[in-house]
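Here's the letter readout for the chains.
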Amino acid sequence: MGCSGCSSGGCGTLPNGCNNNGSCATGSCNKLNTFNWLSGMELPNGTARCDKVEVRFKNARKEFYQFGNTSELHQGDLVTVEASSGYDVGIVSLSGELVRLQMEKKNLSFDSKEIKKINRKAEQFEVDKWQELQSLEKETMFAARKIASELKLDMKISDVEYQGDGSKATFYYTAEGRVDFRELIKKLADKFKVRIDMRQIGARQEAGRLGGIGSCGRELCCSTWLTDFRSVSTSAARYQQLSLNPLKLAGQCGKLKCCLNYELDTYMDALKEFPKGDVKLDTKKGRAYLQKTDIFMRTMWFVYKDDFNEFIPLSVDRVKEIIALNKQDRRPEDLKTFIKTLPEETLPDYENVVGQDSLTRFDKPKKKRGNKQNRNKNKKRKNKQGQSKEHQNKGKK
């Protein structure tokens with residue numbers, strides 16, 4: 001789903017679905033949503049309600065605001081908030097007691113005086129102006145890219161966000177190094193008649209703002225729930241026995257996929273039981289070399305130097321046993337005496353009754369079937385021919 005507050009667009013300002021102001025699990029545009037599991041619970045007697053709310057602006061930019069004596073706000077409400085100059089318009093993305101937990105998670109003091117206030121619920125003219133500015137953002141981005149290319153600046157402007165009152169425009173860009181964009185700011189301010197704010201973001205943040213579908217078929221993690229961008233190295237792929245193919249390991253941002261870290265700890269724990277280093281086993285038949293490893297089946301495959309076509313599976317315990325024998329200058333006769341019996345794959349028990357699994361079932365020509373009208377005409381024709389023959393036989397008699 002998309003909403004007018006994100007780059008996808010197309011679904012309006014209120015959440016789709018049950019129309020209960022966003023307290024359902026889906027939210028409005030799936031941009032770092034938080035499921036408010038406390039929304040249906042009543043506060044204990046004497047407990048003051050939380051006067052802070054989380055407000056989301058374009059894409060995943062969120063800030064906390066205080067609404068004070070304003071009427072209670074719900075998820076999905078449009079509000080006007082204080083800005084550095086003027087006001088801005090955003091959507092309430094979280095309200096209630098869960099806001100306290102989110103502020104603790106982000107190391108923000110709940111009683112901080114730096115938290116800005118919400119002016120009021122957005123009026124209709126403010127919403128109209130906000131939506132009009134949002135429709136200009138894509139055109140502004142293309143015009144800014146053209147000006148940057150004319151100035152030969154080594155930067156890529158990936159997104160533009162207008163403030164709700166139209167007095168300020170924030171340009172998000174990516175660059176390999178430092179960029180002197182003073183001349184660019186002058187030209188942009190002269191062209192669009194607004195204050196210009198340039199913000200440099202990384203490749204992962206850019207992918208999170210723009211969104212997309214990953215190779216797994218789901219929305220990007222950085223766009224839906226991931227906020228902690230940890231460094232990913234090629235050693236994570238090596239530990240998981242993955243081929244070092246940059247086309248498969250790189251994500252939409254051009255960096256290594258964040259999901260390479262998800263199961264890395266499990267692989268690291270499993271590898272503690274395996275012998276370290278380049279394992280070589282000495283036998284009377286010759287030296288055997290490690291070819292591949294199945295971590296979760298705890299199986300290691302070895303081949304002899306003279307025969308690289310025959311893989312010999314050994315369990316981790318057997319490999320450790322042979323290594324201990326080699327340290328005592330003892331060599332087993334052959335690795336085949338230590339072979340691990342792999343479980344046989346059991347095929348599903350079913351019968352092909354209809355023949356739907358035959359690969360050649362479409363090669364046979366189908367029998368022609370006449371429709372009912374043709375069959376009825378043929379029957380009538382045969383009946384007439386039979387009646388005429390009977391009349392001829394009677395005449396002869």
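This is a predicted model, so every value here is computed, not measured. (Residues numbered from 1 in each chain as written. Predicted model: local features only at pLDDT ≥ 70, side-chain atom pairs only at ≥ 80, totals over all residues. Heavy atoms only, no water.)

Participant: Could you give an account of the overall build of the protein, naming the residues involved and the relevant values?
Facilitator: The helix and strand inventory of the protein stands at 10 helices and 12 strands. Of all 397 residues assigned to the protein, the portion counted as buried reaches 37%. Of the contacts made within the protein by residues no fewer than 6 positions apart, 60% connect residues no fewer than 24 positions apart. Of the roughly 26,500 Å² that the protein leaves accessible, carbon and sulfur atoms contribute 48%. (Helix = DSSP H or I, 4+ residues; strand = E, 2+ residues; numbered from the N terminus. Buried < 20%, exposed > 50% of the residue type's maximum accessible area, 1.4 Å probe, protein only. Contact = heavy atoms within 4.5 Å. Areas by Shrake-Rupley, 256 points an atom, 1.4 Å probe, with all protein chains shown as cover.)

Participant: Give a detailed account of the nonpolar core, specifying residues and quantitative values.
Facilitator: Ranked by internal contacts, the top residues of the largest apolar core, which has 22 residues, are Met155, Ile157, Phe171, Leu184, Leu188 and Met198. Breaking this core down by element, the ones donating at least two residues are α2 (124–150), β6 (156–162), β7 (168–174), α3 (182–192) and β8 (195–200). Considering every element that reaches this core, the biggest residue donor is α2, with 6 residues. Leaving out residues up to four positions away in the same chain, Leu188 has contacts with Ala144, Ile147, Phe171, Lys193, Ile196 and Met198. Counting 17 residues, the second largest nonpolar core, distinct from the first, contains Val279, Ile295, Tyr304 and Leu335. (Core = buried A, V, L, I, M, F, W, Y, C linked by side-chain atoms within 4.5 Å.)

Participant: Could you give an account of the sheet that holds strand β9 (residues 280–282), with specific residues and numbers?
Facilitator: The strand order across the open sheet built from 4 strands is β9-β10-β11-β12, with neighbouring strands paired in antiparallel fashion. Both outer strands of the open sheet, β9 and β12 (307–315), are each paired with one neighbouring strand and no more. Each neighbouring strand pair of the sheet contributes to a mean axis angle of 35°, computed without reference to strand direction. Relative to strand β11 (residues 299–304), strand β10 (residues 287–294) runs antiparallel, the two being bridged by 6 bridges. If you follow Leu290 over to β11, its bridge partner there is Phe302. Of the strands in this sheet, β9, β11 and β12 touch helix α9 (residues 316–327), which is tilted by about 105° from β12. (Pairing = 2+ DSSP bridges. Axes fitted to C-alpha atoms, helices over the stretch in contact; angles between N-to-C directions.)

Participant: Which residues make up a nonpolar patch on the surface, and what values go with them?
Facilitator: Among the surface-exposed residues, Phe35, Trp37, Met41 and Leu101 lie close enough to one another that they form a single nonpolar patch of about 450 Å² accessible area. Here Leu101 is to be found in helix α1 (residues 98–105). With relative accessibility at 42%, the residue Leu101 sits in the partly exposed group. (Patch = residues over 30% accessible without salt bridge, like charges linked within 9 Å, V, L, I, M, F, W, Y side chains within 5 Å. Salt bridge = Lys/Arg side-chain N within 4 Å of Asp/Glu carboxyl O.)

Participant: Requested: an account of the environment of Glu219, with residues and values cited.
Facilitator: Summarising the element assignment, Glu219 is placed in the loop between α4 (203–210) and α5 (221–224). According to the relative accessible area criterion, Glu219 is partly exposed, its value standing at 37%. With 11 residues separating them in the primary sequence, Glu219 and Gly208 have C-alpha atoms 10.0 Å apart.

Participant: Could you give me a rundown of the environment of Gln66, with the residues and numbers involved?
Facilitator: Along the polypeptide, Gln66 turns up in strand β2 (residues 62–66). It is 5.8 Å that separates the C-alpha atoms of Gln66 and Asp51, two residues lying 15 residues apart in sequence. Apart from residues no more than four positions distant in its own chain, Gln66 is found in contact with Asp51, Lys52, Ile115, Lys116, Lys117 and Ile118. Within the structure, Gln66 has its side chain in polar contact with the side chain of Asp51 (distance 3.2 Å). (Polar contact = N/O pair within 3.5 Å; in protein donor to acceptor, adjacent residues only side chain to side chain.)

Participant: I'd like to hear about the pattern of salt bridges, residue by residue, with values.
Facilitator: Here the structure, examined in full by the defined rule, presents 25 salt bridges. For Lys62, the salt bridge identified is with Glu54, shortest N-O distance 3.9 Å. The salt bridge partner of Asp159 is Lys58, with a shortest N-O separation of 2.8 Å. Taken together, the residues Asp159 in strand β6 and Lys58 in the loop between β1 (52–56) and β2 connect sequence positions 101 residues apart. Residues joined in a network through salt bridges with shared partners are Lys58, Glu137, Asp159 and Arg209.

Participant: A description of the confidence of the model for the protein should follow, citing residues and the corresponding values.
Facilitator: Across the protein, the average pLDDT comes to 81, with 81% of residues at or above 70. Here helix α10 (residues 372–396) is the element of the protein with the lowest mean pLDDT, 65, and β7 is the one with the highest, 93. (pLDDT = per-residue confidence, 0-100.)

Participant: Let's hear about the sheet that holds β8: which residues, and what values?
Facilitator: What the 3 strands build is an open sheet, ordered β6-β7-β8; its pairing is mixed. At either margin of the open sheet sits one strand with a lone partner, and together these are β6 and β8. Mean inter-strand twist for the sheet, computed between neighbouring axes without regard to direction, equals 25°. Here β7 runs beside β8; their pairing, made up of 6 bridges, is parallel.

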